[in-house]
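Chain by chain, the residues run as shown.
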Amino acid sequence: MEHKVNKGADRGVEFSGLQAQYLYVLAGGLLSVFLVFVILYMAGVNRWFCILFGTVSASTLVLTVFRLGRKYGPHGLMKLAAAKCRPFHIINRKRIISLFKRSSHEKHPESGNTGKFPVLSVERGCILSKDADVTVGFKVRLPELFTLTSAEYAAMHGTWVKAIKVLPCYTVVHRQDWFLEEKYRAVTGRDDMGFLDRSFELHFNERPFLNHYAYLFITRTTRERSLQQSNFSILCRGAIIPREARDREAVVRFMESVDQFERIMGDSGLVGLERLTTDEIVGTGKKAGIIEKYFSLSQENTTTLKDISLSPAEMRIGDEILSVHTLSDADDLPAAVRTDGRFEKYSTDRSDCRLSFAAPVGLMLSHNHIYNQYVFMDDPADTLQHLEKTARNMQSLSRYSRANQINRQWIEEYLNEAHSFGLIPVRCHCNVMSWADSRERLRNVKNDTGSALAQMGCKPRYNTVDAPTLYWAAIPGGEGDFPAEESFHTFIEQAACLFIGETNYASSPSPFGIKMADRLSGRPLHLDISD
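Residues numbered from 1 in each chain as written. Predicted model: local features only at pLDDT ≥ 70, side-chain atom pairs only at ≥ 80, totals over all residues. Heavy atoms only, no water.

Engineer: Is there a simple way to explain the overall build of the protein in this structure?
Structural biologist: Secondary structure summary: the protein contains 14 helices and 22 strands in total. Computed over the C-alpha atoms, the radius of gyration of the protein is 26 Å, within 12% of the 24 Å expected from 2.2 N^0.38 for a compact globule of 531 residues. For the protein, the spread of C-alpha atoms along the principal axes amounts to about 105 × 60 × 55 Å. Across the 531 residues in the protein, those meeting the buried criterion constitute 50%. Put simply, 75% of the contacts in the protein that link residues at least 6 apart link residues at least 24 apart. Summed over all atoms, the accessible surface of the protein reaches about 25400 Å², with 54% contributed by carbon and sulfur. For the protein, the distance from the average position of its 64 positive side-chain charges to the average position of its 62 negative side-chain charges is 6 Å. (Helix = DSSP H or I, 4+ residues; strand = E, 2+ residues; numbered from the N terminus. Rg over C-alpha atoms; globule rule 2.2 N^0.38 Å. Buried < 20%, exposed > 50% of the residue type's maximum accessible area, 1.4 Å probe, protein only. Contact = heavy atoms within 4.5 Å. Areas by Shrake-Rupley, 256 points an atom, 1.4 Å probe, with all protein chains shown as cover. Lys, Arg positive; Asp, Glu negative; His and termini not counted. Charge placed at Lys NZ, Arg CZ, Asp CG, Glu CD.)

Have a look at this one:
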């Protein structure tokens, strides 16, 4: 099933090639030059000097603004200013478990990194941020690879759409899929194993494969938080609690909608959700929690403390160099997205092997990486009203730029679809965070990641300046710090197509079965045909 992507809903008003804040800078600058000219003239300064001053100042201002607009784009200057406000290094000398409290009765620990750490506490299995955002986390159980038909993929897509619709406004849905290179560990210590069983296990010992861990985080935030940009990230400022976040009734309604979300996904029979407990989030003395695992880029229970370098030129987590590819603009997507596609390598004339649309950046990408998918639920009425206003402004300025006339048609098409079919407008963002321990290997990882995005029909966009902000916003419980300018408007149906829809094979718990191997990695599997 295909869903058309509207590529012009996010485009702003244009005047002679200028967009966004550059229009205000040019208008304000010219007005300031005119006021200075009038003041100098009224003060009795020579009129030829005033004319020369006004001409030179206005010309310099116009040339500078146009040059900055071409060089940095609509949000480039703001992103550079935000990068200068971020710390360049974060040194870890304590475990993550010591940076936040588990209940409201505990005193928050003081540490040098506490001000930049977005999580305040974990209470009743919910993550509370310092900006009073509430996050509920889940483990996600997905169907195995190559086991779903096209109709089942469409049914799973429809389940995601129905579940997201029950969530209230200003909710963030964050899917985080980990794909880590691991090695098979042979099991040879059982007493009932014979010579052939033990030899079979030793044959596959240390065989590398890609393991998949899927998580889902649903965050309740506020209108102001959902629209903030990179320069308001917690990396660049302190924590300020919004007034709306203190509404207890809104939190209760949010928790009820999360329960409905969980029930809808569970009733589908295709996707299972298991709520994360406090110990799984925070960790214990002997076992790392999910937040600590994220800061070490590992899913091991015993993690290593790693210093973080937040330089835009090269972001490092310990010895690992991080690379971030983003889908943050509708122009980066193909003309239409699908729920699933045909995998030609394993398909024949009589049979189809189907994979989800985002599978190339999932198990098909054989490197350590994290695939983050965000859906931002804003107020639909406010979104449509804002787009109506933008369309009217483009109509007024259509004679100065043909782009305004074309973009107005895109916006009107988006509004017509929303009103005609009852579609809910949302904002969406996807990124792939991959890493390697050397620059030479990272070059291959970046090439493979770009190639995987190109297989989806997307335009690979390598992001450097925003990498620290995007990494910080992907911390479980820190979704409210996501920069709004890195998202694009679409509908829930299109956004759900970008979710990973399958996971790797798992051995059957039954003691009886057949020994087989994973067709992708060659990892041994124990399958019970009766399952």
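Engineer: I keep staring at the pattern of salt bridges and nothing clicks. Help me out?
Structural biologist: Once their charged atoms are close, side chains differing in charge can pair, the charge on each being opposite to the other. Within the structure shown, the criterion is met by 23 salt bridges. K4 is paired through a salt bridge with E413; the nearest N and O atoms lie 2.9 Å apart. Here E413 lies in helix α11 (residues 402–421) and K4 lies in strand β1 (residues 2–4), a separation of 409 residues in the sequence. Its relative accessible area of 27% is what places E413 among the partly exposed residues. Two residues, R185 and E300, come together in a salt bridge whose shortest N-O distance is 3.9 Å. (Salt bridge = Lys/Arg side-chain N within 4 Å of Asp/Glu carboxyl O.)

Engineer: Explain helix α2 (residues 47–72) here, please?
Structural biologist: Working note: α-helix, 3.6 residues per turn, so residues spaced by three or four point in the same direction. Over its 26 residues, α2 extends 37 Å from the first C-alpha to the last, a length consistent with the 38 Å expected when each residue adds 1.5 Å. In this structure, the buried residues of α2 make contact with β3 (18–19), α1 (21–42) and α3 (76–85). In this structure N46 caps α2, since a side-chain oxygen of it lies 2.8 Å from the backbone nitrogen of W48. G73 lies just past α2 and shows a positive phi near 75 degrees. (Expected span 1.5 Å × (residues − 1). Polar contact = N/O pair within 3.5 Å; in protein donor to acceptor, adjacent residues only side chain to side chain.)

Engineer: I would appreciate a short explanation of unusual backbone geometry in the present structure.
Structural biologist: With the exception of glycine, the majority of residues adopt a negative phi angle, and the majority of peptide bonds are in the trans configuration. Its identity is not glycine, yet F146 carries a phi of approximately 60 degrees, on the positive side. Mapped onto the fold, F146 is located in the loop between β7 (134–141) and α4 (150–165). Phi is positive for Y170, close to 60 degrees, though the residue is something other than glycine. Within the fold, Y170 resides in the loop between α4 and β8 (171–183). On the basis of relative accessibility, which here comes to 16%, the residue Y170 falls in the buried class.

Engineer: Quick question: what am I supposed to make of the nonpolar core here?
Structural biologist: As a rule of thumb, nonpolar side chains are buried together in soluble globular proteins. Counting 65 residues, the largest nonpolar core has W160, L216, F261, V271 and Y371 as its most contacted members. The element best represented in this core is α4, accounting for six residues. Not counting chain neighbours up to four residues away, the residues in contact with F261 comprise W160, A163, I164, V166, L167, L216, I218 and L273. Counting 37 residues, the second-largest nonpolar core is a separate cluster that includes I127, L180, Y374 and L470. (Core = buried A, V, L, I, M, F, W, Y, C linked by side-chain atoms within 4.5 Å.)

Engineer: What am I meant to see in the pairing of strand β21 (residues 514–517) here?
Structural biologist: Sheet faces and side chains relate simply in a regular strand, where the side chains alternate between the two faces. Pairing between β21 and strand β22 (residues 524–527): four bridges, direction antiparallel. What sits directly across from M516, in β22, is L525. The hairpin turn running from β21 into β22, its antiparallel successor, is six residues long, and G522 in that turn takes a positive phi close to 80 degrees. (Pairing = 2+ DSSP bridges.)

Engineer: I keep staring at α1 and nothing clicks. Help me out?
Structural biologist: Its 22 residues give α1 an end-to-end C-alpha distance of 32 Å, which sits within 8% of 32 Å, the value for a rise of 1.5 Å per residue. Within the span of α1, buried status applies to Y22, L26, G29 and V33. Here the buried residues of α1 occupy an arc of 70 degrees about the axis, which is enough to place them on one side. What points out from α1, more than 90 degrees from its buried face, is the exposed set Y24, L31, I39 and M42. Buried positions along α1 lie against β3, α2 and α3. (Arc of directions from axis to C-beta.)

Engineer: What am I meant to see in the packing of aromatic side chains here?
Structural biologist: The way to describe two aromatic rings as a pair is by their centre distance and the angle between their planes. Enumeration over the complete set of coordinates arrives at 18 aromatic pairs. Here the aromatic rings of F376 and F482 are separated by 5.0 Å at their centres, their planes lie at 40 degrees, and the arrangement is tilted. Of this pair, F376 sits in strand β17 (residues 369–377) while F482 sits in the loop between α13 (467–473) and β20 (488–491), and the two are 106 residues apart along the sequence. One exposure class covers both F376 and F482, and it is buried. Put simply, the rings of W178, Y294, F295, Y471 and W472 pair up and form one aromatic cluster. Positioned over the ring face of F499 is R175, at 5.4 Å from the centre of the ring. Taking the ring centre of Y346 as reference, the NZ or CZ of R519 above it sits at 5.3 Å. (Phe/Tyr/Trp six-rings, centres within 6.5 Å; stacked < 30°, edge-to-face > 60°. Lys NZ or Arg CZ within 6 Å of the ring centre and 35° of its normal.)

Engineer: Whenever I open this one, the environment of L52 confuses me. Can you help?
Structural biologist: Residue position: L52 is located in helix α2. Here L52 falls in the exposed class, since its relative accessible area comes to 53%. Spatially, the C-alpha atoms of L52 and F37 are 9.8 Å apart, while their sequence positions differ by 15 residues.

Engineer: Please clarify how the side chain of N404 should be interpreted in this entry.
Structural biologist: Position of N404 among the secondary structure elements: in helix α11. Classification of N404 as buried rests on a relative accessible area of 0%. Those residues in contact with N404 that lie beyond four places of it in its chain are G12, V13, E14, M394, L397 and S398.

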